[in-house]
Amino acid sequence: MSFSLPDFRRKWSCRGYMSAGAAMVTAAIGLSLVLAERAEARKYPAPLDIFGLGTPRPRAAARPAKIPLPRPRPEEAPKAADEGASEPEDKASADKPSADKPAEAAPPPEKQVSACRLALTEEIAVAPSIPDIRGPGACGGEDLVRLEAIVLPDKRKVAVKPAAILRCTMASAVADWVRKDMAPLAASLGSAISDLDNFDSFECRGRNRVVGAMLSEHGKANALDVRAIKLANGQSIGLTDRTMSREVRERVLQSVCARFSTVLGPGSDWYHEDHIHLDLAQRRNDYRICQWNVWDPLPQVAPLLPAERPEEAPPREVAAKPEANEDAGDGAEKPGAPADKPTAAGNKARSHKPATKKRR
(Lines give C-alpha, C1' and ligand atoms only; values in the text may rest on other atoms or scores of the structure.)
Protein backbone atom coordinates (compact mmCIF):
# COMPACT_ATOMS: atom_id res chain seq x y z
CA MET A 1 0.00 0.00 0.00
CA SER A 2 1.54 3.27 -1.14
CA PHE A 3 0.58 6.84 -0.38
CA SER A 4 1.37 9.87 -2.43
CA LEU A 5 1.26 13.48 -1.44
CA PRO A 6 -1.51 14.44 -3.84
CA ASP A 7 -3.62 11.53 -2.71
CA PHE A 8 -3.03 12.44 0.97
CA ARG A 9 -4.01 16.05 0.33
CA ARG A 10 -7.10 14.98 -1.56
CA LYS A 11 -8.23 12.49 1.13
CA TRP A 12 -7.39 14.58 4.25
CA SER A 13 -7.86 18.00 2.81
CA CYS A 14 -8.96 20.27 5.70
CA ARG A 15 -7.16 23.42 4.64
CA GLY A 16 -4.94 23.40 7.77
CA TYR A 17 -7.50 22.04 10.17
CA MET A 18 -8.25 18.36 10.97
CA SER A 19 -11.52 17.05 12.08
CA ALA A 20 -11.92 15.46 15.52
CA GLY A 21 -12.17 11.90 14.21
CA ALA A 22 -9.08 12.25 12.09
CA ALA A 23 -7.16 13.67 15.02
CA MET A 24 -8.07 10.73 17.24
CA VAL A 25 -7.01 8.22 14.61
CA THR A 26 -3.72 10.00 14.13
CA ALA A 27 -3.06 10.10 17.88
CA ALA A 28 -3.78 6.37 18.27
CA ILE A 29 -1.42 5.47 15.44
CA GLY A 30 1.28 7.70 16.85
CA LEU A 31 0.94 6.24 20.36
CA SER A 32 1.21 2.67 19.08
CA LEU A 33 4.34 3.56 17.17
CA VAL A 34 5.90 5.21 20.26
CA LEU A 35 5.20 2.22 22.47
CA ALA A 36 6.66 -0.14 19.94
CA GLU A 37 9.79 1.97 19.68
CA ARG A 38 10.22 2.08 23.48
CA ALA A 39 9.81 -1.65 23.78
CA GLU A 40 12.47 -2.11 21.12
CA ALA A 41 14.69 0.57 22.66
CA ARG A 42 14.95 -1.32 25.95
CA LYS A 43 17.45 -3.61 24.31
CA TYR A 44 19.69 -0.77 23.17
CA PRO A 45 20.59 2.52 24.86
CA ALA A 46 19.16 5.72 23.51
CA PRO A 47 21.64 7.81 21.59
CA LEU A 48 20.95 10.97 23.63
CA ASP A 49 20.59 9.25 27.04
CA ILE A 50 24.16 9.90 28.19
CA PHE A 51 23.35 9.26 31.90
CA GLY A 52 21.59 5.97 31.32
CA LEU A 53 18.38 7.06 33.04
CA GLY A 54 15.94 5.89 30.46
CA THR A 55 17.50 2.55 29.63
CA PRO A 56 17.13 -0.11 32.29
CA ARG A 57 20.28 -1.97 33.13
CA PRO A 58 20.16 -5.71 32.79
CA ARG A 59 20.49 -7.54 36.07
CA ALA A 60 23.07 -10.18 36.57
CA ALA A 61 21.81 -13.69 36.88
CA ALA A 62 21.50 -14.80 40.52
CA ARG A 63 23.95 -17.50 41.41
CA PRO A 64 23.53 -19.72 44.44
CA ALA A 65 26.11 -18.87 47.17
CA LYS A 66 28.11 -21.66 48.68
CA ILE A 67 27.38 -21.77 52.46
CA PRO A 68 30.03 -23.67 54.44
CA LEU A 69 28.58 -26.53 56.44
CA PRO A 70 29.42 -26.79 60.19
CA ARG A 71 32.07 -29.21 61.29
CA PRO A 72 30.89 -32.60 62.49
CA ARG A 73 30.25 -32.85 66.27
CA PRO A 74 33.15 -34.53 68.10
CA GLU A 75 32.51 -37.86 69.72
CA GLU A 76 33.65 -36.72 73.19
CA ALA A 77 31.18 -33.81 73.30
CA PRO A 78 28.14 -34.27 75.57
CA LYS A 79 24.88 -35.09 73.99
CA ALA A 80 22.48 -32.28 73.24
CA ALA A 81 19.73 -33.97 75.24
CA ASP A 82 21.87 -34.05 78.42
CA GLU A 83 22.69 -30.33 78.47
CA GLY A 84 19.63 -29.45 80.50
CA ALA A 85 16.29 -29.50 78.86
CA SER A 86 14.98 -26.71 81.06
CA GLU A 87 17.65 -24.18 80.03
CA PRO A 88 15.64 -22.58 77.20
CA GLU A 89 12.68 -22.01 79.49
CA ASP A 90 14.83 -20.64 82.32
CA LYS A 91 16.78 -18.37 80.01
CA ALA A 92 13.64 -17.13 78.34
CA SER A 93 12.10 -16.28 81.71
CA ALA A 94 15.29 -14.62 82.93
CA ASP A 95 16.14 -12.64 79.80
CA LYS A 96 12.64 -11.65 78.69
CA PRO A 97 10.22 -10.37 81.32
CA SER A 98 6.82 -11.92 81.10
CA ALA A 99 3.69 -9.96 80.30
CA ASP A 100 2.39 -10.30 83.86
CA LYS A 101 5.65 -9.37 85.62
CA PRO A 102 7.14 -5.91 85.04
CA ALA A 103 10.83 -5.61 84.31
CA GLU A 104 12.77 -5.38 87.60
CA ALA A 105 15.65 -2.94 88.04
CA ALA A 106 19.14 -4.38 88.27
CA PRO A 107 20.29 -4.75 91.90
CA PRO A 108 22.90 -2.21 93.02
CA PRO A 109 26.46 -3.47 93.37
CA GLU A 110 27.38 -4.75 96.80
CA LYS A 111 29.26 -2.27 98.97
CA GLN A 112 32.77 -3.28 99.89
CA VAL A 113 33.26 -3.97 103.60
CA SER A 114 35.75 -1.63 105.28
CA ALA A 115 38.81 -2.78 107.19
CA CYS A 116 37.36 -1.28 110.40
CA ARG A 117 34.18 -3.32 109.97
CA LEU A 118 36.22 -6.50 109.53
CA ALA A 119 38.28 -5.73 112.65
CA LEU A 120 35.30 -4.82 114.86
CA THR A 121 34.15 -8.38 115.48
CA GLU A 122 31.67 -9.77 117.99
CA GLU A 123 34.56 -10.58 120.32
CA ILE A 124 35.21 -6.84 120.73
CA ALA A 125 31.77 -5.20 120.57
CA VAL A 126 28.14 -5.79 119.74
CA ALA A 127 27.89 -3.26 116.93
CA PRO A 128 25.67 -4.22 113.96
CA SER A 129 26.07 -2.20 110.78
CA ILE A 130 23.34 0.24 109.76
CA PRO A 131 22.66 1.96 106.39
CA ASP A 132 24.45 5.18 105.52
CA ILE A 133 22.78 8.40 106.64
CA ARG A 134 22.41 11.30 104.19
CA GLY A 135 21.10 14.36 105.99
CA PRO A 136 20.93 18.03 105.01
CA GLY A 137 24.29 19.49 104.12
CA ALA A 138 27.18 17.32 105.25
CA CYS A 139 25.13 15.75 108.03
CA GLY A 140 25.35 11.97 108.28
CA GLY A 141 28.08 9.53 107.39
CA GLU A 142 29.12 6.20 105.95
CA ASP A 143 30.23 2.92 107.48
CA LEU A 144 27.95 3.43 110.50
CA VAL A 145 27.29 1.02 113.36
CA ARG A 146 24.96 0.90 116.35
CA LEU A 147 27.19 0.34 119.38
CA GLU A 148 25.06 -1.65 121.80
CA ALA A 149 27.67 -3.23 124.08
CA ILE A 150 31.41 -3.64 124.54
CA VAL A 151 32.82 -7.11 125.18
CA LEU A 152 35.61 -7.18 127.78
CA PRO A 153 38.56 -9.58 127.52
CA ASP A 154 36.87 -11.83 130.13
CA LYS A 155 33.77 -12.07 127.85
CA ARG A 156 31.64 -9.83 130.09
CA LYS A 157 29.62 -7.17 128.31
CA VAL A 158 29.47 -3.46 129.09
CA ALA A 159 26.10 -2.15 127.94
CA VAL A 160 26.02 1.24 126.21
CA LYS A 161 22.84 2.94 127.45
CA PRO A 162 21.30 4.03 125.20
CA ALA A 163 22.91 2.46 122.15
CA ALA A 164 25.15 4.91 120.28
CA ILE A 165 25.10 5.49 116.51
CA LEU A 166 28.71 6.09 115.52
CA ARG A 167 31.12 5.65 112.69
CA CYS A 168 32.98 2.38 112.78
CA THR A 169 36.30 4.09 113.60
CA MET A 170 34.77 6.01 116.52
CA ALA A 171 33.02 2.91 117.87
CA SER A 172 36.29 0.98 117.66
CA ALA A 173 38.14 3.72 119.58
CA VAL A 174 35.48 3.74 122.33
CA ALA A 175 35.64 -0.05 122.61
CA ASP A 176 39.45 -0.01 122.94
CA TRP A 177 39.25 2.74 125.58
CA VAL A 178 36.79 0.79 127.72
CA ARG A 179 38.57 -2.55 127.28
CA LYS A 180 42.16 -1.38 127.84
CA ASP A 181 41.82 1.64 130.18
CA MET A 182 38.52 1.64 132.02
CA ALA A 183 38.39 -2.08 132.81
CA PRO A 184 41.74 -1.98 134.71
CA LEU A 185 40.60 1.21 136.49
CA ALA A 186 37.43 -0.51 137.68
CA ALA A 187 39.47 -3.53 138.78
CA SER A 188 41.66 -1.26 140.92
CA LEU A 189 38.48 -0.07 142.65
CA GLY A 190 37.50 -3.65 143.40
CA SER A 191 34.74 -4.07 140.84
CA ALA A 192 34.00 -4.34 137.10
CA ILE A 193 32.31 -2.08 134.58
CA SER A 194 28.67 -2.81 133.88
CA ASP A 195 27.30 0.23 131.96
CA LEU A 196 28.54 3.17 129.94
CA ASP A 197 26.33 6.26 130.31
CA ASN A 198 25.81 7.64 126.78
CA PHE A 199 24.73 11.27 127.06
CA ASP A 200 24.67 11.92 123.28
CA SER A 201 25.96 10.35 120.07
CA PHE A 202 24.68 11.06 116.53
CA GLU A 203 22.53 14.17 116.17
CA CYS A 204 22.27 16.33 113.07
CA ARG A 205 22.98 19.75 114.61
CA GLY A 206 25.50 22.57 114.88
CA ARG A 207 28.10 22.91 117.57
CA ASN A 208 26.62 23.32 121.05
CA ARG A 209 23.17 23.29 119.38
CA VAL A 210 23.65 26.88 118.22
CA VAL A 211 21.57 27.75 115.15
CA GLY A 212 23.80 28.52 112.18
CA ALA A 213 26.96 27.26 113.85
CA MET A 214 29.47 24.95 112.18
CA LEU A 215 28.38 21.34 111.93
CA SER A 216 29.22 19.43 115.09
CA GLU A 217 31.11 16.14 115.06
CA HIS A 218 27.89 14.70 116.49
CA GLY A 219 26.27 15.51 113.12
CA LYS A 220 28.96 13.37 111.46
CA ALA A 221 28.44 10.44 113.87
CA ASN A 222 32.02 10.98 115.00
CA ALA A 223 31.52 12.01 118.65
CA LEU A 224 30.29 10.61 121.97
CA ASP A 225 29.34 12.38 125.21
CA VAL A 226 29.93 10.39 128.40
CA ARG A 227 28.67 11.32 131.86
CA ALA A 228 29.54 8.34 134.02
CA ILE A 229 30.77 4.77 134.11
CA LYS A 230 28.74 2.43 136.32
CA LEU A 231 30.32 -0.48 138.15
CA ALA A 232 28.92 -3.89 138.96
CA ASN A 233 28.89 -3.14 142.73
CA GLY A 234 26.47 -0.24 142.19
CA GLN A 235 29.09 2.50 142.35
CA SER A 236 29.15 5.15 139.65
CA ILE A 237 32.27 6.95 138.46
CA GLY A 238 31.02 10.42 137.57
CA LEU A 239 33.62 11.95 135.29
CA THR A 240 32.70 15.49 136.40
CA ASP A 241 31.64 14.59 139.95
CA ARG A 242 33.80 16.55 142.42
CA THR A 243 33.00 14.13 145.20
CA MET A 244 34.87 11.44 143.23
CA SER A 245 38.55 10.98 143.96
CA ARG A 246 40.77 13.37 142.03
CA GLU A 247 43.22 10.58 141.26
CA VAL A 248 40.52 8.52 139.54
CA ARG A 249 39.37 11.43 137.42
CA GLU A 250 42.94 12.28 136.42
CA ARG A 251 43.49 8.71 135.24
CA VAL A 252 40.40 9.00 133.07
CA LEU A 253 41.66 12.35 131.73
CA GLN A 254 45.04 10.91 130.73
CA SER A 255 43.45 7.94 128.99
CA VAL A 256 40.95 9.87 126.87
CA CYS A 257 43.42 12.59 125.85
CA ALA A 258 45.78 9.88 124.57
CA ARG A 259 43.12 8.15 122.45
CA PHE A 260 40.83 10.91 121.10
CA SER A 261 41.67 14.04 119.11
CA THR A 262 39.16 16.21 121.00
CA VAL A 263 38.34 16.12 124.72
CA LEU A 264 36.10 18.81 126.22
CA GLY A 265 35.05 18.91 129.86
CA PRO A 266 34.67 21.31 132.77
CA GLY A 267 36.66 24.47 132.16
CA SER A 268 36.45 24.33 128.35
CA ASP A 269 33.06 26.09 128.12
CA TRP A 270 29.88 26.03 130.13
CA TYR A 271 28.31 23.56 127.65
CA HIS A 272 30.48 20.71 129.00
CA GLU A 273 30.31 21.17 132.76
CA ASP A 274 28.32 17.98 133.41
CA HIS A 275 29.79 15.57 130.83
CA ILE A 276 32.87 14.79 128.73
CA HIS A 277 32.88 15.22 124.94
CA LEU A 278 35.02 12.79 122.90
CA ASP A 279 35.55 12.76 119.13
CA LEU A 280 38.02 11.88 116.37
CA ALA A 281 37.97 15.11 114.37
CA GLN A 282 40.77 15.35 111.81
CA ARG A 283 42.72 18.60 111.86
CA ARG A 284 45.73 19.98 110.10
CA ASN A 285 49.07 18.61 111.33
CA ASP A 286 47.18 16.16 113.57
CA TYR A 287 46.30 18.97 116.00
CA ARG A 288 44.61 17.73 119.19
CA ILE A 289 42.49 19.49 121.83
CA CYS A 290 42.35 18.38 125.47
CA GLN A 291 40.47 20.87 127.66
CA TRP A 292 39.29 19.33 130.89
CA ASN A 293 40.01 20.87 134.30
CA VAL A 294 39.87 18.26 137.04
CA TRP A 295 38.59 20.35 139.95
CA ASP A 296 39.58 19.62 143.54
CA PRO A 297 37.09 17.67 145.63
CA LEU A 298 34.56 19.70 147.59
CA PRO A 299 35.48 20.27 151.26
CA GLN A 300 33.73 18.14 153.82
CA VAL A 301 32.65 21.24 155.85
CA ALA A 302 31.58 24.40 154.14
CA PRO A 303 34.09 27.20 154.95
CA LEU A 304 31.33 29.79 155.50
CA LEU A 305 29.78 27.99 158.48
CA PRO A 306 30.76 29.42 161.94
CA ALA A 307 32.98 27.35 164.20
CA GLU A 308 31.53 25.66 167.25
CA ARG A 309 31.29 27.80 170.46
CA PRO A 310 34.01 26.85 172.96
CA GLU A 311 32.99 25.60 176.36
CA GLU A 312 34.97 28.26 178.28
CA ALA A 313 33.09 31.10 176.57
CA PRO A 314 30.87 33.26 178.87
CA PRO A 315 27.11 32.87 178.74
CA ARG A 316 25.36 34.47 175.76
CA GLU A 317 23.36 36.82 178.07
CA VAL A 318 26.54 38.36 179.46
CA ALA A 319 28.18 38.66 176.07
CA ALA A 320 25.10 40.33 174.60
CA LYS A 321 25.09 43.30 177.11
CA PRO A 322 25.48 46.80 175.61
CA GLU A 323 28.95 48.35 175.47
CA ALA A 324 27.88 51.21 177.76
CA ASN A 325 27.75 48.86 180.75
CA GLU A 326 31.21 47.57 179.91
CA ASP A 327 32.67 51.14 179.82
CA ALA A 328 30.98 52.19 183.14
CA GLY A 329 33.67 50.82 185.40
CA ASP A 330 37.13 50.52 183.96
CA GLY A 331 38.48 48.94 187.15
CA ALA A 332 35.41 46.83 187.82
CA GLU A 333 35.42 43.20 186.84
CA LYS A 334 32.91 41.79 184.42
CA PRO A 335 30.14 40.00 186.25
CA GLY A 336 30.27 36.30 185.70
CA ALA A 337 33.97 36.36 184.73
CA PRO A 338 36.52 34.65 187.01
CA ALA A 339 38.24 37.16 189.37
CA ASP A 340 41.57 35.39 189.59
CA LYS A 341 42.31 35.58 185.82
CA PRO A 342 44.66 38.47 184.88
CA THR A 343 43.60 40.55 181.93
CA ALA A 344 46.88 42.21 180.97
CA ALA A 345 46.18 41.96 177.28
CA GLY A 346 42.74 43.44 177.83
CA ASN A 347 44.12 46.35 179.87
CA LYS A 348 46.64 47.04 177.13
CA ALA A 349 43.91 47.07 174.52
CA ARG A 350 41.76 49.42 176.59
CA SER A 351 44.65 51.92 176.94
CA HIS A 352 45.06 52.22 173.17
CA LYS A 353 41.53 51.80 171.75
CA PRO A 354 38.01 51.64 173.06
CA ALA A 355 36.56 48.25 173.86
CA THR A 356 34.65 46.52 171.05
CA LYS A 357 32.28 43.62 171.10
CA LYS A 358 33.83 40.36 169.92
CA ARG A 359 31.97 38.13 167.52
CA ARG A 360 32.30 34.37 167.76
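The notes below deal with the structure included here.

1. A closer look at the state of the cysteines
No. 1: The tally for this structure, following the rule as stated, stands at 3 disulfides.
No. 2: For C116, the disulfide goes to C168, at an S-S distance of 2.2 Å. Judged by the sign of its S-S torsion, about -95 degrees, the bond between C116 and C168 is left-handed. Of this pair, C116 sits in helix α4 (residues 115–119) while C168 sits in helix α5 (residues 168–188); the two residues are 52 residues apart in sequence, bridging distant segments of the chain.

2. Re the pattern of salt bridges
No. 1: Within this structure, the stated rule accounts for 13 salt bridges.
No. 2: For R205, the salt bridge is made with D200, and the minimal N-O distance between the two is 3.2 Å.
No. 3: For D200, a relative accessible area of 10% corresponds to the buried category.
No. 4: Taken together, the shared-partner salt bridges in this structure form one network comprising D200, E203, R205 and R209.

3. Quick word on α5
Since the α-helix turns once every 3.6 residues, residues separated by three or four places project in the same direction.
No. 1: Compared with the 30 Å implied by 1.5 Å per residue over 21 residues, the 30 Å span of α5 between its first and last C-alpha is a close match.
No. 2: The sharpest bend along α5 reaches about 35 degrees and sits at M182, with the proline P184 one to four residues further on.
No. 3: One or two residues past the end of α5 sits G190, with phi positive at roughly 85 degrees.

4. Considering the pairing of strand β7 (residues 193–200)
Side-chain direction in a regular strand flips from residue to residue, so the side chains alternate between the two faces of the sheet.
No. 1: With 6 of 8 residues buried, β7 lies mostly within the body of the structure.
No. 2: Crossover handedness for the path strand β6 (residues 157–167) to α5 to β7: left-handed.
No. 3: In this structure, β7 lies alongside strand β8 (residues 223–231), joined through 5 bridges in antiparallel fashion. Looking at β8, one finds that L196 is bridged to I229.

5. A closer look at helix α6 (residues 246–259)
No. 1: Over its 14 residues, α6 extends 20 Å from the first C-alpha to the last, a length consistent with the 20 Å expected when each residue adds 1.5 Å.
No. 2: Taken together, the buried residues of α6 touch α5, β9 (236–238), β10 (262–264), β11 (276–279) and β12 (289–291).

6. So, the pairing of β11
No. 1: Burial of β11 is two-sided: the residues I276 and L278 facing one way and the residues H277 and D279 facing the other way are all buried.
No. 2: Here β8 pairs with β11 via 4 bridges, running antiparallel. Opposite A223, over in β11, you have D279 as the bridge partner.
No. 3: The sheet contact formed by β10 and β11 spans 3 bridges and is antiparallel.

7. Describing the packing of α5 against α6
No. 1: Packing of α5 against α6 leaves a shortest axis separation of 11 Å and a crossing angle of 165 degrees. Judged by the angle between their axes, α5 and α6 are roughly antiparallel. Of the two possible hands of crossing, α5 and α6 adopt the one that is right-handed. Across the interface between the two elements, D176, W177, K180, D181, M182, L185 and S188 from α5 touch V248, R251, V252, S255, V256 and R259 from α6.
No. 2: Classifying every residue of the contact of α5 with α6 gives 6 nonpolar, 2 polar and 5 charged.

8. With respect to the nonpolar core
No. 1: Of all hydrophobic cores here, the largest spans 44 residues; its most connected members are W177 and L196.
No. 2: For this core, the secondary-structure elements that each account for two or more residues are β5 (144–151), β6, α5, β7, β8, α6 and β11.
No. 3: Sort the elements by how many residues they give to this core and α5 lands first, with 12 residues.
No. 4: Ignoring anything within four residues of it in the chain, the contact list for W177 reads M182, L196, I229, V252, S255, V256, R259, F260 and L278.

Cut-offs used in this document
- For every chain, the first residue of the written sequence is number 1, and numbering continues from 1 onward in sequence order.
- Under the rules for a predicted model, residues below a pLDDT of 70 receive no local features and side-chain atom pairs below 80 are neither given nor counted, while totals for whole chains, interfaces and linings still include all residues.
- Side-chain metrics rest on all non-hydrogen atoms present in the structure, leaving aside hydrogens and water.
- Disulfides are defined as cysteine sulfur pairs within 2.5 Å.
- The helix and strand labels rest on DSSP assignments: H or I over at least four residues marks a helix, E over at least two residues marks a strand, and numbering proceeds from the N terminus.
- When a carboxyl oxygen of Asp or Glu lies within 4 Å of a side-chain nitrogen of Lys or Arg, that pair is called a salt bridge.
- Each residue is placed in one exposure class: buried if its accessible area under a 1.4 Å probe, protein chains only, is under 20% of its type's maximum, exposed if it is over 50%, and partly exposed if it falls in between.
- What a helix is expected to span follows from its residue count: subtract one and scale by 1.5 Å.
- The quantity called bend is, for any residue, the angle between two axes fitted respectively to the seven residues ending at it and the seven beginning at it.
- A right-handed crossover is one whose linking path, passing over the helix from the first strand to the second, runs clockwise when the strands point away from the viewer.
- Should DSSP find at least two bridges between two strands, the strands are taken to pair.
- What makes two residues a contact is simply this: any of their non-hydrogen atoms within 4.5 Å.
- To define axes, lines are fitted to C-alpha atoms, for helices over the stretch in contact only, and angles between the resulting N-to-C directions are given on a 0 to 180 degree scale.
- Throughout this description, any angle smaller than 35 degrees is read as roughly parallel, any larger than 145 degrees as roughly antiparallel, any in the 65 to 115 degree range as roughly perpendicular, and the remainder as oblique.
- Each crossing gets its handedness from the near helix: less than a right angle anticlockwise from the far helix is left-handed, clockwise is right-handed.
- For this scheme, ten residues count as nonpolar: Ala, Val, Leu, Ile, Met, Phe, Trp, Tyr, Cys and Pro. Four count as charged, namely Asp, Glu, Lys and Arg, and the remainder, Gly too, count as polar.
- Throughout, nonpolar core names a set of buried Ala, Val, Leu, Ile, Met, Phe, Trp, Tyr and Cys residues whose side chains join them through atoms within 4.5 Å.

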